[in-house]
Structure formats: C-alpha cells, structure tokens
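Working through the structure, step by step
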Amino acid sequence: MVTSVTPRVESLASSGIQAIPKEYVRPQEELNSIGNVFEEEKNNLGPQVPTIDLKNIESPDEAVREKCREELKKAAMEWGVMHLVNHGISDDLLDRVKKAGKIFFDLPIVEKEKYANEQVSGQIQGYGSKLANNASGQLEWEDYFFHLVYPEEKRDMSIWPKTPSDYIEATKEYAKQLRVLATKVFSVLSLGLGLEEGRLEKEVGGLEELLLQMKINYYPICPQPELALGVEAHTDVSALTFILHNMVPGLQLFYQGKWVTAKCVPNSIIMHIGDTIEILSNGKYKSILHRGLVNKEKVRISWAVFCEPPKEKIILKPLPEVVSEAEPPLYPPRTFAQHIQHKLFRKTQDAALSAAALK
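Rules used throughout
Residues numbered from 1 in each chain as written. Predicted model: local features only at pLDDT ≥ 70, side-chain atom pairs only at ≥ 80, totals over all residues. Heavy atoms only, no water. UniProt positions renumbered as here; feature names shortened; annotations may be inferred. 1 Å grid on protein atoms, 1.4 Å probe; cavity = no way out; pocket = protein on both sides within 12 Å on 5 of 7 lines; lining within 4 Å. Points joined across faces, edges and corners; volume = space filled by probe spheres on them. Helix = DSSP H or I, 4+ residues; strand = E, 2+ residues; numbered from the N terminus. Contact = heavy atoms within 4.5 Å. Expected span 1.5 Å × (residues − 1). Buried < 20%, exposed > 50% of the residue type's maximum accessible area, 1.4 Å probe, protein only. Arc of directions from axis to C-beta. Core = buried A, V, L, I, M, F, W, Y, C linked by side-chain atoms within 4.5 Å. Phe/Tyr/Trp six-rings, centres within 6.5 Å; stacked < 30°, edge-to-face > 60°.

An unreviewed UniProt entry lists the chain under the name Fe2OG dioxygenase domain-containing protein, with Lithocarpus litseifolius as the source organism. Per UniProt, the chain has the following entry under Cofactor (unreviewed entry): "L-ascorbate". Reading the Sequence similarities (unreviewed entry) entry of the UniProt record for the chain gives the comment "Belongs to the iron/ascorbate-dependent oxidoreductase family."

Below, the structure written as structure tokens:
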C-alpha cells in the first residue's frame, strides 16, 4: 500500500502545539455550543439518551417480550439512538475488540502508515485522516481505521492489522455476533411498523448483501477542544450503526433543539437508527443528528460498525405499507449510492454558501 502524505492528527497532537491549525477551528455558529465534555456528561438535567435492556427481547412470555420491544420501538421513534444493555455479546469479547484496537493505535505512526488508505484513488479501506473535501476546507480532530468486516467473503484481509495478533480473531467474532444482533433489531423495528418480522432486513439486503463496515475513530488529546470537533454534525447514512467506546465521553445528540451529551454506560453498545431505516419507515424511525467532541485530558476511541445496504442493487424509498394519503412519501426513490451523493452535494452547497457569506 502506498504511504500516505496526509498529516495525521496524532502527529499534530503530540508535537506540543498550543494552538490548533485554522483548518480545525469550527465556524463561529458551531463554537457557541461546544463546551467541556466532562462537565456536560455530568449534567443530569433535561433529556437523557434512553437505555434499552434487551434481556427479554426473545422472552417466551409474550407480555414481557412485547414490553421490551415496545421500549426499543419508542426509543427508535423518539430519539433514533439508544444505549443497548444485555445485548447478548459478552463483556470479554467487547474488551478484546477494544484492547486490540487500542494496541493498533498505540503503534508508532510509521507502523500504522503501512495500512494507509488512498482516498483519492478510491481505496477507502485502511488507516486514514479526513481530507478537506468540502468548500470550507474544514478538518476534524481524528484519525481512523476503516474496513469491511462482514460478510466474510467480501473482506479484504490484506489490509486488516496483523498487530496485535488477536485483532483479526476478535474483530471477526464481534462482526459475526453483531450481525445476529442486527437481525433481532430489524425484526423489532419491522413489527413496530406492522410489517412482517423479516421485512426491513430483506429491504436492506438480507444476510447476503447487507455490509458491516467498521470504523475505529481515534481522537487524540486536543490543546483547544473548545474550538474543534472530532466528528462534525451529521446523520448516519447506514441502516443501523453500533458503537463501542473506551468510556471517554464525546458523543452528542441534537435532540429537541439542544445538544445532549451521551453518558458512558458500562458494557453497553450505542445504537443509531440510520438514514436508510428513516427513509424506509417514512420518517417514523429517526436518524438523529450527532457529533463528536474532543478534550485536552484523555484520548477517546470509538468503534463504529455501519450496517449498510448494497450501493446500487436496492432502491431506497418509503415502504408502501407506511405511506397513505394522510402520510405521503417524505423521500424520493434513490439508490444508497445516490443518497450518499445527494448528502455530499447538499453539504458542499451549504459550505459554499457559508463561505460566500463570510466574504
């Protein structure tokens, strides 16, 4: 793999700079809402991201099972994000996945560069940092490692980290178990719309075509966290996103007009509803706007797995069962690839308008 010349945020962070380069400073309208993430996490006032206990998701007792499913459905409709506990994936496996990712990112940058991606040529898997690909030239305070982890036959094992030795086994097993969890969630969401249990999963590609893409986000310590973002505000394009983290706060959700900081819930998996499910449900399930804050005390690492439909094979549009004269379709038909392009185009337009307004 060709060595990248993109400067790594980790290099900047460890260089001893006191002020961050201007490309990382967010626009003024964003700065007003960026606070100290540790203080924000302690705030118990106002709405909190729901925690959903999945212990009874397949209970033989119908009333117990329905109560669990109803809670998940309600969180998906009101928030579009939740902490999942008793999700069926062992603490030991979660710890292995997190330990392996941390050891990889603890390697010297020169070692990680052996896995560098080549975004310009379309090779997006591997080690990377965001390129300034929008009109404002804005950058995010993170490095990452991105690769497809499921289905097995679509993986490119040549770019999976060889160090540490447990990385491959732990990540493979985690992907396999997440895929099972995704099926359970799709079932509940389907039933919640009055559809057959397997309907949403079928609509996003089923066992053969749904792709699980893992992105390990590495947010170095930032000397001016009040000016930067680890990840700018966005909604996920996926069907579902599952996130682990190293118990350092940073995730914020835009809920009822305010940024809410997610608590760190031990042994939980954060789950987002993505745009794909929002579209299929005609907006009944929400894909929530979210972003990542950084801090000057602790490195934050998160492991996001995006469950994505195939790019061209499926037309995403509201399902006929969820539209009516009273509730017409809110989204035009698009392939997944067209949806991504549409979002990029809108973002570029918005950035261009903002840049023009400042001139």
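In the structure shown here, the tally under the stated rule is one cavity of 30 Å³ or more. Of the pockets and cavities examined, the largest cavity occupies roughly 40 Å³. Forming the boundary of the largest cavity are His245, Val248, Pro249, Gly250, Leu251, Ala262, Lys263, Cys264, Ile270 and Arg300.

What follows covers the side chain of Gln224. Note on placement: Gln224 falls in the loop between strand E5 (211–219) and strand E6 (231–234). Excluding its chain neighbours within four sequence positions, the residues that come into contact with Gln224 are Gln18, Ala19 and Ile20.

End to end, helix H4 (residues 62–78) covers 24 Å across 17 residues, agreeing with the expected 24 Å (1.5 Å per residue, within 8%). Buried within H4 we find Cys68, Arg69, Leu72, Lys73, Ala75 and Ala76. For H4, the buried positions fall inside an angular range of 160° around the axis, keeping them on one side. Of the exposed residues in H4, those oriented more than 90 degrees away from the buried face are Ala63 and Lys67. Buried residues along H4 sit in contact with strand E1 (51–53), strand E2 (81–85), helix H7 (167–192) and strand E10 (269–273).

Right, let's get into the nonpolar core. Among the nonpolar cores identified, the biggest contains 65 residues, and Tyr174, Leu189, Leu240, Phe242 and Ile277 are the most heavily contacted of them. Ranked by the residues each element gives to this core, the list is headed by H7, at 11 residues. In this structure, Val49, Ile243, Leu253 and Tyr255 belong to the second largest nonpolar core, which totals 13 residues.

Only a minority of non-glycine residues have a phi that is not negative, and only a minority of peptide bonds are not trans. Here the bond from Tyr150 into Pro151 is cis, since omega is 5°, no more than 30 degrees from zero. Along the chain, Pro151 falls in the loop between strand E4 (143–150) and H7. Cis rather than trans, the peptide bond between Thr163 and Pro164 has omega equal to 0°. Even without glycine at this site, Asn86 takes up a positive phi of about 50°. By the secondary structure assignment, Asn86 is in the loop between E2 and helix H5 (91–106). A positive phi angle is found at Asn267, which is not glycine, with a value near 60°. Relative to the helices and strands, Asn267 resides in the loop between strand E9 (258–261) and E10.

Applying the stated criterion to the full structure yields 11 aromatic pairs. Summarising the aromatic geometry, the rings of Tyr24 and Trp141 are spaced 5.3 Å apart at their centres and angled 80° between planes, so their arrangement reads as edge-to-face. Of this pair, Tyr24 sits in the loop between helix H1 (9–14) and helix H2 (28–31) while Trp141 sits in the loop between strand E3 (126–129) and E4; the two residues are 117 residues apart in sequence, bridging distant segments of the chain. Each member of the pair, Tyr24 as well as Trp141, carries the same accessibility label: buried. The interplanar angle of 5° and the centroid separation of 4.8 Å between the aromatic rings of Phe105 and Tyr218 together place this pair among those described as stacked.

Structurally, Glu118 is set in the loop between helix H6 (109–112) and E3. A sequence separation of 10 residues divides Glu118 from Gly128, and the C-alpha atoms of the two residues are 8.2 Å apart.

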